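# Topology and contacts: notes
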Amino acid sequence: MNKTTNLMIGAIAAATLSTTALAQTTITVSTWAGPNHGINTMVWPTWKAWIEEATEGRVTVDVIHDMGPPASQMEMVADGIADATWVFHGYNAGRFLATQLPEFPTFEDFSSENASAAYWHTHQEHLAQADEHRGVDVVAAGVHGPGWIFSREQYQTLADLESERIRVGGGVMGDLSNALNLTGVALPPTGVYEAGSQGVIDGAMLVPEGLRSFRVAEIFPYTLTVDGGFYRGSFTIVVNPSIWDEMSAEDRAAVEEVSGERLSRLFGYMMDVSDERGVEFAKEQGHTFTALGDEDLETLRGISNDLVNTWSENVSERGIDAQAALEYFHQQLEEAATQESVASLVPQS
């Protein structure tokens, strides 16, 4: 082999190595909330920064808005239209049942960050076997803040709620509204302001974040609260399994390292920050917060127990030991509270 040939082979090898080093996998994320929502201003940018740092820039994230409605997101990822998205299980009636576990009232205050970490571990340990996310890989789980009831008139008791036209979503929220004898009106959060302004609804089940982000405090000056919320909401962040084929085993491990519990905590932390801002905004508007009384709390506990019992029976048909899963979730919730917050890992803008 002559010198020229050796030089040519060396040049080709160097070029190949250079190309490999510069090769980049882009995870295309479909997002369905408004541009100012915390998922878009905090979660996706932070996850992107974590991934790029962990993979030395070989893997990145590209977020695209309005690729499809919320209920279609998981199928879009399963079909390869997008590589990743976030799923609100309540928008997919009938498909998800095991995911209702963190949505039931707990009557205890806890952060969404800790709840999301506990939910992630509970999903991996118990709920994944229900195979409700078939077609995609779950890389994080999330729980939103305490669901309260915002209203035009002041509600102080559960009896005040009967027959009132209240915005509801899916999941446990819908079952709870039926048990409370509300006139539930199915609306996305983005439709609450218009419906409330026009008198179509008397109030809304929503999270404190909505007081500011969805302008709820401007139309509903009262909030009925329960420690831990009347309900919570369940989410997952999912990816198309084929995305792993586009990166090395080393990079996949790096991406998974900054997902899982860390990404779940980030989602919950975002919800905590958004809720705090919502409450502060409402107080500035002169908002009135009323805590549900003890007698009604006992009534609500009974309703919650009935909902949990029904869920336990139904979810057992999907191979889940409901009691073990519930106990594990509450154990993980206590454990999560002893761990350090993800806040220090969030880049400050």
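So, a few notes on the structure that sits alongside this text. The structure displayed is predicted, hence computed values, not measured ones.

### Topic: the overall build of the protein chain
Helix and strand counts for the protein chain come out as 11 helices and 11 strands. In terms of C-alpha radius of gyration, the protein chain reaches 23 Å, essentially the compact-globule figure of 20 Å for 349 residues. Put simply, the protein chain has 349 residues, and 53% of those count as buried. Of the accessible surface of the protein chain, which amounts to about 15,700 Å², a share of 47% is contributed by carbon and sulfur atoms.

### Remarks on the layout of surface pockets
Computed from the structure, the largest pocket encloses a volume of approximately 570 Å³. Around the largest pocket sit 24 residues that line it, and Asn36, His37, Gly38, Thr41 and Arg277 are the ones nearest its centre. At the level of secondary structure, the elements contributing two or more residues to the lining of the largest pocket comprise helix H2 (38-54), helix H7 (209-213) and helix H9 (260-284). Sort the elements by how many residues they give to the lining of the largest pocket and H2 lands first, with six residues. Class assignment for the residues of the lining of the largest pocket results in 10 nonpolar, 11 polar and three charged. By volume, the second largest pocket amounts to about 390 Å³. Lining the second largest pocket are 22 residues, with Trp32, His37, Tyr91, Pro189 and Phe214 sitting closest to its centre. Here the residues of the lining of the second largest pocket are counted per class, giving 15 nonpolar, five polar and two charged.

### Some thoughts on unusual backbone geometry
Look at Phe107: it is not a glycine, yet its phi comes out positive at around 60°. Inspection of the secondary structure puts Phe107 in the loop between strand S3 (84-88) and helix H4 (112-127). A positive phi is found at Ser163, a non-glycine position, where the angle reads about 70°. In this fold, Ser163 is placed in the loop between strand S5 (148-151) and strand S6 (165-168).

Parameters and conventions
- Residues numbered from 1 in each chain as written.
- Predicted model: local features only at pLDDT ≥ 70, side-chain atom pairs only at ≥ 80, totals over all residues.
- Heavy atoms only, no water.
- Helix = DSSP H or I, 4+ residues; strand = E, 2+ residues; numbered from the N terminus.
- Rg over C-alpha atoms; globule rule 2.2 N^0.38 Å.
- Buried < 20%, exposed > 50% of the residue type's maximum accessible area, 1.4 Å probe, protein only.
- Areas by Shrake-Rupley, 256 points an atom, 1.4 Å probe, with all protein chains shown as cover.
- 1 Å grid on protein atoms, 1.4 Å probe; cavity = no way out; pocket = protein on both sides within 12 Å on 5 of 7 lines; lining within 4 Å.
- Points joined across faces, edges and corners; volume = space filled by probe spheres on them.
- Nonpolar A, V, L, I, M, F, W, Y, C, P; charged D, E, K, R; others polar.

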